[in-house]
Amino acid sequence: MTLRINNLRELFSAKEIETRVCELAARINDDYRGKNMVALCVLNGAFMFFADLVRRFDMGPELDFLRLSSYGGNSLSSGRVLFSKDTELSLEGKHVLIVEDIVDTGVTMNFLLREIGSRNVKSLRIAALIDKVERRTEKLTVDYAGFTVNWGFIVGYGLDYAGRFRELPGIHVAELDVGSGS
Ligand code: PRP
């Protein structure tokens, strides 16, 4: 059985995303004024949100990048998460902001909160463009959430389906067809 995307329906336009990213950046600038902040980009999905968000920061943050994978070849939501690329900066004594494209079940973020939180950071918060609250299985709150989305398979603005659609400037709901064969 295969899943094919047969239509994309725009959910948030590039303009709507830009407006929301500006609002989030303004709140973050207020909250981190005068603080030594490190913004962490969770690759791959967060690359576009991260780039648009941090270019509006005025507290002079340090930036770093990490990547996760699951072992066993299953999705990250299996709960067995590993770093495939860890951070490179020292996070000790710093105010760390984890930047994600989407928090879905929360398994990935819970892993990150545990791991990054164990590195003697001064504070730890989460920014996520999409907060899929209804899918949450882990108890956590997104401090800076762009949009709450409760249904649908979404792509664009960094979010992919099988490695595709990340380049789209807007966020779209993918309508999926179930087919047979390749
Ligand atoms: C997505 C997203 C989060 C994770 C959220 O990553 O970027 O890291 O899933 O899901 P969860 O809340 O259910 O754990 P994905 O595995 O699609 O990798 P990608 O960032 O490379 O697209």
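Remember, predicted model here, so these are calculated numbers, not experimental data.

### Details of the pattern of salt bridges
Part 1: Scanning the model with the defined rule gives twelve salt bridges in all.
Part 2: Ionic pairing is found between Asp31 and Arg125, a salt bridge with its closest N-O pair at 3.5 Å. Of this pair, Asp31 sits in helix H1 (residues 14-31) while Arg125 sits in strand E6 (residues 123-131), placing them 94 residues apart in sequence.
Part 3: Note that Asp160 is salt-bridged to Arg166, the shortest N-O span being 3.5 Å.
Part 4: For Asp160, a relative accessible area of 24% gives the class partly exposed.
Part 5: Through salt bridges that share partners, Lys15, Glu18 and Arg56 make up one connected network.

### Looking at the site of the ligand
Part 1: In the vicinity of the ligand, 16 residues are found, and the nearest of them are Glu100, Asp101, Thr105, Gly106 and Thr108.
Part 2: Between the ligand and Asn44 there is a distance of 3.2 Å, counted from an oxygen atom to a backbone nitrogen or oxygen.
Part 3: With respect to the ligand, the side chain of Asp101 contributes an N or O atom lying 2.6 Å from an oxygen atom.
Part 4: Of all the elements in the fold, those that place two or more residues in the shell around the ligand are strand E5 (95-103) and helix H3 (107-117).
Part 5: Tallying contributions element by element places E5 first for the shell around the ligand, with four residues.
Part 6: In the shell around the ligand, the residues fall into five nonpolar, six polar and five charged.

### Remarks on the packing of aromatic side chains
Part 1: Applying the stated rule across the entire model yields four aromatic pairs.
Part 2: When the ring of Phe50 is compared with that of Phe65, the centres are 5.4 Å apart and the planes differ by 65°; the resulting orientation is edge-to-face. In this pair, Phe50 is assigned in helix H2 (residues 47-54) and Phe65 in strand E3 (residues 62-70), connecting sequence segments 15 residues apart.
Part 3: When the centroid spacing of 5.4 Å and the interplanar angle of 50° are considered together, the rings of Phe83 and Phe111 count as tilted. One end of the pair, Phe83, is in strand E4 (residues 81-85); the other, Phe111, is in helix H3, and 28 residues separate them in sequence.
Part 4: We classify Phe111 as buried; its relative accessible area is 9%.

Cut-offs used in this document
Residues numbered from 1 in each chain as written. Predicted model: local features only at pLDDT ≥ 70, side-chain atom pairs only at ≥ 80, totals over all residues. Heavy atoms only, no water. Salt bridge = Lys/Arg side-chain N within 4 Å of Asp/Glu carboxyl O. Helix = DSSP H or I, 4+ residues; strand = E, 2+ residues; numbered from the N terminus. Buried < 20%, exposed > 50% of the residue type's maximum accessible area, 1.4 Å probe, protein only. Near = heavy atom within 4 Å. Polar contact = N/O pair within 3.5 Å; in protein donor to acceptor, adjacent residues only side chain to side chain. Nonpolar A, V, L, I, M, F, W, Y, C, P; charged D, E, K, R; others polar. Phe/Tyr/Trp six-rings, centres within 6.5 Å; stacked < 30°, edge-to-face > 60°.

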